[in-house]
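Reading the structure
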Amino acid sequence: MLAEETTAFLLDRARGGDDAARDRLAARYLPMLRRWAHGRLPPSTRDLTDTDDLVQVTLFRVLKQIGTFEYGGAGSFLAYLRSTLLNLLRNEIRRVARRGQSLELDEALVEDETASPLEQAIGRERLERYEAALEALPARARELVIMRLEFDMTYEDIANEVQSTPDAVRMAIKRAVEALARSLGNGA
Amino acid sequence: MSVPGHGPDLVDRFVDGEPIDWSRATANDDALLDALYTLDQVRAAYQRIGGTPDPRGPRLFPWGPLVVQEKIGSGASAEVFRAWDAGLATPVALKLLRPEAAAAGLRSEDFLHEGRLLARISQRNVLRVYGAAVHDGRPGIWAEWIEGRTLDAIVEGDGAFADREAAHVGLELCAALAAIHAAGLVHGDVKASNVLRARGGRIVLADLGAAGTPDVLNASLRTQATPAYLSPQSRDGAPRAAADDLYALGVLLHFLLTGTYPRDGRCDLRRPGIDAGVAGAIEHALSPKPQRRPASAHAFATALRAAIGGDASAREAPVRRCRTTLIVAATALALGLAAFAAWTSRLPAWQPQAQLVHRTADGREALRDGADLRVGDRLELTLASDRPTWAYVLNEDAAGSMHVLFPLAGLRRANPLPQGEGVLPGDQDGRALSWQVSSEGGREEFVVVLADAPLARLEERLAALDAAAIDAPQRGVARISGEPLANVSVQGRQLAALLSAASAELADARHVRVLAYHFETRASR
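Heads up: these notes are all about the structure in this document. (Residues numbered from 1 in each chain as written. Chains lettered and ligands numbered in written order. Predicted model: local features only at pLDDT ≥ 70, side-chain atom pairs only at ≥ 80, totals over all residues. Heavy atoms only, no water.)

Quick look at the environment of L253(B)
Residues and elements named next belong to chain B. Note the threshold: Where helices and strands are cited, they refer to DSSP runs of H or I of at least four residues and of E of at least two residues respectively, numbered from the N terminus. Summary of the burial criterion: residues with accessible area below 20% of their type's maximum are buried, those above 50% are exposed, and those between are partly exposed, where the area comes from a 1.4 Å probe applied to protein chains only. Residues are treated as being in contact if the distance between any of their heavy atoms lies within 4.5 Å.
Within the fold, L253 resides in helix 9 (residues 242-258). According to the relative accessible area criterion, L253 is buried, its value standing at 0%. With 30 residues separating them along the chain, L253 and E283 place their C-alpha atoms 9.9 Å apart. Once residues within four sequence positions are removed from consideration, L253 is found in contact with A166, G170, I282, F300 and L304.

Comments concerning the sheet that holds strand 8 (residues 195-198) of chain B
Residue and element names in this part refer to chain B. We count it as follows: A pair of strands is treated as paired once DSSP finds two or more bridges between them. As a rule, the C-alpha atoms of each element are fitted with a line to give its axis, helices using only the stretch in contact, and angles between N-to-C directions run from 0 to 180 degrees.
Ordered in space as 7-8-9, the 3 strands form an open sheet in which the pairing is antiparallel. If you trace the sheet from one side to the other, it starts and ends with strand 7 (148-150) and strand 9 (203-205), each paired once. Averaged over all adjacent pairs, the angle separating strand axes in this sheet is 30°, with direction ignored. Looking at chain direction, strand 8 and strand 9 are connected through 3 bridges and run antiparallel. Bridge pairing in strand 9 places R197 opposite I203. Contacting strand 8 and strand 9, helix 6 (residues 163-182) crosses the sheet at an angle of about 40° to strand 9.

Quick notes on helix 7 (residues 124-135) of chain A
Two residues of an α-helix separated by three or four positions point the same way, owing to the 3.6 residues in each turn. All names here are of chain A. Note the threshold: An expected span of 1.5 Å times one less than the residue number is assigned to each helix. Of all possible arcs, the one meant is that of the directions from the helix axis to the C-beta atoms.
Over its 12 residues, helix 7 runs 16 Å from end to end, which matches the ideal 16 Å to within 8%, given 1.5 Å per residue. Every buried residue of helix 7 is listed here: L127, Y130, E131, A133 and L134. The arc that holds every buried residue of helix 7, seen down its axis, measures 165°, which confines them to one face. Exposed positions of helix 7 whose direction lies more than 90 degrees from the buried face are E125 and E135.

Note that all results are geometric; they support no functional claim without further evidence.
Dropping the structure here:
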């Protein structure tokens, strides 16, 4: 990746009205967000809203209002996208729940329809504890953890994102994970 | 935090994404270790759920819900493939019976039946079997896919094991065999090439396709076993028993320590570098007479643990605690019925509490007489007991077909349920499961049997039922009738026949409770 293609650079250009930079940002983040959001909607809502659509709409909406987004460096754009998307997904889940969507599975053993695949895989209570501990971290530490654990990014990609070096990023992530683990441990 | 013998800091390894054997990880602070383990689960879930099968990967043919990708081995009676399970979003190992094998007398029903029995075993050292079915005329069993190496490949590549390492493997395999024997099965082909060390260190006893009830095993597999691992009795053609699995485990550990097999029953373990206690425990398992071998897998484990002393207790970790629980549960099973009866007779009268409940968005609602159940309703059984409990849940519909709702192949929860409070059918990998009402306009019955010891006669009957019924949808509830059995009135013919066949067992009011529920179902809410 060329140095001038850092997120900060592209955001600056996009804010200045550069459509090509905006497209580049979309191309960079759309697959990552799709992958991340894949397990976030429970089965009962999946037939109503395609997760991919929601991701795309979110990303384009954010990019359209890029002028109002204040870039804080250190991966905050990705963290901002994640948080916007998470709120939208939660609203969607609540909206479907209000509508009283009927359940149609007729298997002998059915999964909990109200739990997203991610909740099913990790356990709802455990995922909530993780989210709470994550929220309690300083913004920069939180963003690094999200990029490494949730988005499975390499040190190189994260370094590029936050304009640092892979070694420095690795050390910072280690400290962030230690803080997160302590926070999780205290809350247990 | 540190991992003994693994060099770098545990947090470093976690952050770098290296596989970690959580069963061996240690830290000064247990809460911190638990938290790190939770973070590992979060990361793994994101990776698994976000991942999709490689579209460029090979696709040989579809088989039911699986996409078969690659053949990885074949034997006289079966072929083994790697396949992709889109539902679980995970690779699986698929063993398909060869059509010729069925023709040669290995009945596909036996093959499937054993698969279903094995699927009930949920123990971290036993290859997890997900299911058994026939698709496109081919019977198959599918199980978890393990990335790792077999123990014989490790000995071949890296040389013999150190004594403590071998003893550790022995402890894990004892836990595996305890679970298999407790289910009334015999593995029948314990050997180094059937044990995998997964990436991360988990020891997994595989090739469960060879395992089975002693009858089936001895009828179908006698000629396939590996001679070096056969006990003198098996070599003479005696029916295979649990003691022969322990003998084979002794041979395996001998092989791990020396790279050789015992010859004519003579061991070669008294060498420098091999702890005398470890050698003694293995020699004990290799006794020519079965009655001189350890009485059970648990007894073998106890001897190995004693030999390696305090080392085992130094390895406390989050997963380690789970394993301890499993060993305790397996121990209760391995004691056998006589010991169990002696133990229970010393306990105060058994007072299990069980209740069918309707799960709603707000929680659980106890089902009482005349409860209004509709299609789509989800049912669970809440249970509280002061001792390990064997639960059996059955249902018969208006058309007279009976279904087993618990225990079920593929469920994480299996008998015996641990003492304390629990819910059936329970959760599976974090997914909460329930029985769902899916048919309307019929009178149906549920029967719940609880016991503080396994009910052999009932289990035998249940095992003989058409297991296809397991896939049938489930129904509602209305009235609880009494207990013990004498007071239970059951209208369904099949349920009545089943309860009657096992009546001698079920009538033991001190150790068995029977609940019956009659109900009618209606259209959805």
